[in-house]
Amino acid sequence: MNRTIIKIGLLPSLFFCLNGLYAQNTDSTKASKIDEIVVTAYGVKKEKKALGYSFQDVKGQTLVDAKETNVTNALVGKVSGLQVIKGGFGPASSSRINLRGFNSFKGDNQPLIVVDGVPLSNNLGSKPKQNDGNYNNDFWNPDLDMGNGLGDINADDIESISVLKGGAASALYGSRGGNGVILITTKTGKKKGGLGITYSTSLGFETIFMKPDMQKSFGLGLNGTPNPENSDNTSSWGPAFEGSNMQRYDNLKSFFKTGINSQHTLSFQENLGEGSSLYTSANYLNDNSQIPNSKFERFNFMAKMNSTFGANKRWTSEVKVQYISSKAKNRPSGGQGDGNYYRNILLMSQNIDIRDYRAGQTQNEVNSRWITPNGINPYWSAYNSLNADKKDRFLLNGYLKYQFNDWLSADVRLGTDFYALNSDARVWTGSSRRNAYATGEEKFYENNYIASLTAKKDNLFGKWGGSLSVYGQMMESRTKALYFSTQNLIVPNVFSVNNTSDLAGIANNEVDFWKKINSVFAAAEINYDGYWFINATARNDWSSTLSIENRSYFYPSISTSLVLTEMLSKLNGSTSKVLTFAKLRAAYAVTGNSLNPYELYNTYKLGADPNGGAVLGRKKILYNSNLQAEKLKTFEVGADLKFFNRVSLDVSYFRNNATGQLIDLPMNPLSGYEKMKISSGGLRNSGIEVVLNTDILKNENFVWNFNANFSKLKSVIDKIDGSVLKYPLIDGFDNVGIFAEVGMPYGAIYGTKFLRVEDVNSPYYGKLIVGENGLPQATPDQYYLGDQTPRALFGFTNSFAYKNFGISFLIDGRIGGKFFSSTQSALQRVGLAADTAPGGRRDNFVVDAVVAQNGGGYTANTKEITQQDYWAAVTAGNLGITEQNIYDATNIRLRNVQVSYSFPKSIFEKLALQSAKVSFTANNVWMIYSKAKGIDPESVFAINSNAVGFENLAFPTTRSYLFTITLGF
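The structure presented is a predicted model; accordingly, all values stated were derived computationally and were not measured.

Cut-offs and rules
Residues numbered from 1 in each chain as written. Predicted model: local features only at pLDDT ≥ 70, side-chain atom pairs only at ≥ 80, totals over all residues. Heavy atoms only, no water. Helix = DSSP H or I, 4+ residues; strand = E, 2+ residues; numbered from the N terminus. Rg over C-alpha atoms; globule rule 2.2 N^0.38 Å. Buried < 20%, exposed > 50% of the residue type's maximum accessible area, 1.4 Å probe, protein only. Contact = heavy atoms within 4.5 Å. Areas by Shrake-Rupley, 256 points an atom, 1.4 Å probe, with all protein chains shown as cover. Lys, Arg positive; Asp, Glu negative; His and termini not counted. Charge placed at Lys NZ, Arg CZ, Asp CG, Glu CD. Domains from an automatic or database assignment. Buried area = accessible area lost by both parts, 1.4 Å probe. Pairing = 2+ DSSP bridges. Axes fitted to C-alpha atoms, helices over the stretch in contact; angles between N-to-C directions. Salt bridge = Lys/Arg side-chain N within 4 Å of Asp/Glu carboxyl O. Core = buried A, V, L, I, M, F, W, Y, C linked by side-chain atoms within 4.5 Å. UniProt positions renumbered as here; feature names shortened; annotations may be inferred. Polar contact = N/O pair within 3.5 Å; in protein donor to acceptor, adjacent residues only side chain to side chain. Phe/Tyr/Trp six-rings, centres within 6.5 Å; stacked < 30°, edge-to-face > 60°. Lys NZ or Arg CZ within 6 Å of the ring centre and 35° of its normal. Patch = residues over 30% accessible without salt bridge, like charges linked within 9 Å, V, L, I, M, F, W, Y side chains within 5 Å.

Colleague: Honestly, the overall build of the chain in this entry has me stumped. Any pointers?
Modeller: In terms of regular secondary structure, the chain is built from nine helices and 53 strands. In terms of C-alpha radius of gyration, the chain reaches 30 Å, essentially the compact-globule figure of 30 Å for 969 residues. Projected onto its principal axes, the C-alpha positions of the chain cover 95 × 75 × 70 Å. Within the chain, the fraction of its 969 residues that count as buried is 54%. Nonlocal contacts in the chain, meaning residues at least 24 apart in sequence, comprise 70% of its contacts between residues at least 6 apart. About 41400 Å² of surface is accessible on the chain, with carbon and sulfur atoms providing 55% of the total. Of note, the chain has its 99 positive side-chain charges centred 6 Å away from the centre of its 84 negative side-chain charges.

Structural data, given as structure tokens:
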């Protein structure tokens, strides 16, 4: 066997003997393989080889092909270390992005979204209704999920998305980029054949993806017998279907209809002459959800013009106007209260046909007719508990650059994100719910003014080159909102602010958040001979939310990359046909988070007594004006490799250390406050990320591309404050709590356990302890039961192209982490969960347990019990024994399948039509693996909190099928 010597070290004398490799001398390597240009912070274009940090981009067409109503969901499985957490309330609900774990106990933890160099607000979930910034995630009646800001963007307008995950990548954005940055670049006009017009239309169908595992053997009743007449019992502990005249109905299938999604996009792009281009588009989305009487509409318009002009084309300009109008009708409500009608559908007995209760219930101001006198008919709720909201949003930005000479330029960028939101909610008379009315108006704007001066030379001296950019930025954002709600309408069903007796309450529902950050920052790069790069950034922010003494804070970063293959090529003329590209990189950065508005000084809030007199009261939180910004220190090393110019491999190791957490530490209420704002605590996230891309087969007619990403995460809480070991991430749900706990991963889930023998010396160690009635018991205290943090995320995409046919599919998954399901607890209580009828039977049984004796010791349990009595004990209270319904969140699914056919161009030679393509897309195709008993592990109750390990009767997730036609003229 031949042996070939290849020089791959830093010194000429360092050799490796590799079998089968082929080395050759050459003067240069293919620039197209090395010098790929990518968009980085503030729209700066750089050679990818110069980046000293992890970088991933997603092409816009990939997002279009996914056909997701919310473009956020199209990122699932495509970026290593990126987790999308979804709300479960219809097509207009929120989705949040998390990169490399949670870095803050109380902060938003989402990456900054930047569109064409200008930040975009990505607020998600419900809205704070008071000036304290707190959200209503009440267990019974939470506020509506109003969607997230990124969901307003039309995927067809996106050219590419760049994901900056490490601190060095996002350090130029200061405190706002502490959790990473998602850079979105929209399309610009390009010269195309024909008129430059593209039209696409799609029609989609939406059905239920997953339903909880339910028993199919027993109907309405108690203790195995039917209900007596006039009974209010709605539980399914009755007789068996087999051998009876009862018929079983699938009420979820009957109530939820097939949703219909239609979308139309018309775009025009063209060069208007030398140096000028125009891109315009209009998009209309109409999503009639599978949820009856629920609908979401969105209209997008965008116009973007780019020009180069003036003497020697030294001036460059870009102007973009984007308008988004979205309307939602009857967003579903969550929680355990009467507002969540899904609860009534799910828990009704299967021998009752819900369709029998539809007639006469789909009009306003009718009386609810239901199984029980005080129960609320889900059809009545869908047509009499109504809400609507409309949002008008404008994204405007302008960019102007002047090139003084071949090495010096200056530019200025202005951007505005503005929206106005109006909402309305009404509960009509006719049920046990009170006649109610709510209305709200919200206005938001964020203005950014950015200027920079850039100098760049490739030959400063010898083989050394470098660049320096200096920036200045002013940011101002403000949210003003007024919310009004009442359950005391004077005249029934007259929905007006004036028709109420509690007008004084309006003062407690006014929001005014105002924040400014002024910044100066710089980015410098030096490089040697085009293969060794050192980049450094420095940013100083002045935030209006911190005191004068502390409002100035500094964020530095440094990164380096060494392109080994190019270095060897230039030093020794050696290259390899096997290892065609190799780069090592390392980065260190400091970023962080500042306070929200009005969390600095203690003030009073204005209220009213029962007689309407003014009352001043303390706020619940004790503030501290000496607080400083949180700090996040990040370190990253990695390697980029290419083999045979076909296989690319990116490997990263990262470590994030967050300190000085801005948290609300609980206090003794006798102090006059419930919590106090402190700067303390820390956490660490570390992990590895791997991205692999290759064309497995590639010839003239057939291409098979395989793309894979994998990330492994370890999260540890280092400190809270002093002797405090646990910090609640959200107010507890009955006996379930989610915490940041010292020594544990982020999001420790606490709750009650089954009472067991804890004495390791006892022969009964580990056995359940039941009462004399033979029923299990709960521990009096709460215990650690797992955590919400995934241990790993992965995504595998296979794409095949044969001539004009294309097919691709994405398999993605999550490994590890836990969540609590209150849906399963509710089903167990009423006898509908599959667990309540093992094997389709309900035989009496004896729990394998012991009974505690009064004088000490234990005896074996011999008491026979029924399934009904057992599950009544397990689900006692609102959520029962927590341990019973903690589930592994590990899941693997076939996320997306796409099939397309592009018609040959030859058939359009004599037509105005230039191209035509038909495609089929299916999302949420198949749950390959999950142990959550029919509950989608992606279902989350409080999407706007960091406690994402709790599910609370979330609406079923959906599967969608979409057919698309795209025509080019």
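Colleague: What exactly am I supposed to notice about the domain arrangement of the chain here?
Modeller: Put simply, an interface is often sized by how much accessible area is lost when its parts join up. Partitioning the chain into structural domains gives domain 1 (23–27 + 34–213 + 256–747 + 788–817 + 889–968) and domain 2 (748–785 + 819–887). Averaged C-alpha coordinates put domain 1 and domain 2 at centres separated by 41 Å. Facing 36 residues of domain 1, the contacting portion of domain 2 comprises 25 residues. Taken together, both faces of the contact between domain 1 and domain 2 bury some 2600 Å²; the carbon and sulfur share is 55%. Its largest share of buried area at the contact with domain 2, domain 1 owes to L347, N735 and K933, together 22% of the area lost on that side.

Colleague: What is the right way to read the sheet that holds strand β45 (residues 849–852) from this model?
Modeller: Within a sheet, neighbouring strands are paired by backbone hydrogen bonds and run either parallel or antiparallel to one another. Here three strands make up an open sheet; going across it, the order is β39-β45-β46 and the pairing mixed. Of all strands in the sheet, those bounded by a partner on one side alone are β39 (768–770) and β46 (858–860). Neighbouring strand axes in the sheet, compared pairwise and without regard to direction, differ in orientation by 45° on average. Taken together, the three bridges between β45 and β46 define a ladder with antiparallel strand orientation. Bridged to A852 within β46 is Y858.

Colleague: How should I be thinking about the pairing of strand β49 (residues 891–902) in this particular structure?
Modeller: Within a regular strand, the side chains alternate between the two sheet faces. Inspection of the sheet shows strand β42 (residues 805–815) paired to β49 by ten bridges, in the antiparallel sense. Counted as the bridge partner of R814 is N891 from β49. Relative to strand β50 (residues 915–930), β49 runs antiparallel, the two being bridged by eleven bridges. When the bridges of β50 are listed, V897 appears paired with A922.

Colleague: Looking at this structure, how should I read the pattern of salt bridges?
Modeller: Working definition: two side chains of opposite charge can pair if their charged atoms are close together. Considering all chains together, one arrives at 47 salt bridges under this definition. A salt bridge links D116 to K304; the shortest N-O distance between them is 3.5 Å. One end of the pair, D116, is in the loop between β9 (112–115) and β10 (118–120); the other, K304, is in strand β16 (residues 295–309), with 188 residues separating them in the sequence. Among the salt bridges present, the one from D640 reaches R585, with a minimum N-O distance of 3.3 Å. Highlighted residues: D640 in strand β30 (residues 631–643) and R585 in strand β26 (residues 579–591), separated in sequence by 55 residues. What makes R585 buried here is its relative accessible area of 4%.

Colleague: Quick question: what am I supposed to make of the nonpolar core here?
Modeller: One broad rule of soluble globular proteins: the nonpolar side chains tend to lie buried together. F105, I720, Y727 and F950 are the most contacted members of the largest nonpolar core, which totals 33 residues. Only β32 (662–666) and β37 (737–741) provide two or more residues apiece to this core. When residues of this core are sorted by domain, at least three fall in each of domain 1 (23–27 + 34–213 + 256–747 + 788–817 + 889–968) and domain 2 (748–785 + 819–887). F255, Y379, L832 and L953 belong to the second largest nonpolar core, which has 28 residues in total.

Colleague: Before we go on, may I ask you to explain the UniProt feature "domain: TonB-dependent receptor plug" (unreviewed entry) in the chain in this structure?
Modeller: As recorded in UniProt, the sites labelled "domain: TonB-dependent receptor plug" (unreviewed entry) are residues 50–181. In residues 50–181, the share of helix is 8% and the share of strand is 23%. The end C-alpha atoms are 19 Å apart.

Colleague: Hey, could you run me through the side chain of E318 in this one?
Modeller: Mapped onto the elements, E318 comes out in strand β17 (residues 315–329). Within the buried core, E318 has no salt-bridge partner, and the shortest N-O distance to an opposite charge, that of K304, equals 4.0 Å. Of the polar contacts made by the side chain of E318, one reaches the side chain of N306; its length is 2.8 Å. Beyond its immediate stretch of four places on either side in the chain, E318 contacts D116, K304, M305, N306, N397, G398, Y399 and R413.

Colleague: Sorry if this is basic, but what is going on with the packing of aromatic side chains here?
Modeller: Centre distance and the angle of the planes are the two values used to describe a pair of aromatic rings. Considering all chains together, one arrives at 48 aromatic pairs under this definition. Aromatic side chains F139 and F733 sit 6.4 Å apart centroid to centroid with 40° between the ring planes, which places their arrangement in the tilted category. With a gap of 594 residues between them, F139 in the loop between β10 and β11 (158–164) and F733 in the loop between β36 (726–728) and β37 connect regions that are remote in the sequence. The same class applies to F139 as to F733, namely buried. Aromatic pair F309 and W315: ring centres 6.2 Å apart, planes at 5°, arrangement stacked. The exposure class assigned to W315 is partly exposed, which follows from its relative accessible area of 32%. For the cation-ring pair, K129 lies above Y483, with the distance from its terminal atom to the ring centre recorded as 4.9 Å. For the cation-ring pair, K753 lies above Y783, with the distance from its terminal atom to the ring centre recorded as 4.8 Å.

Colleague: Would you mind showing me how to read a nonpolar patch on the surface here?
Modeller: Together, F309, W315, L400, V412, L414, Y449 and M474 make up an exposed nonpolar region whose accessible area comes to about 590 Å². For F309, the position within the fold is in strand β16. For F309, a relative accessible area of 35% corresponds to the partly exposed category.

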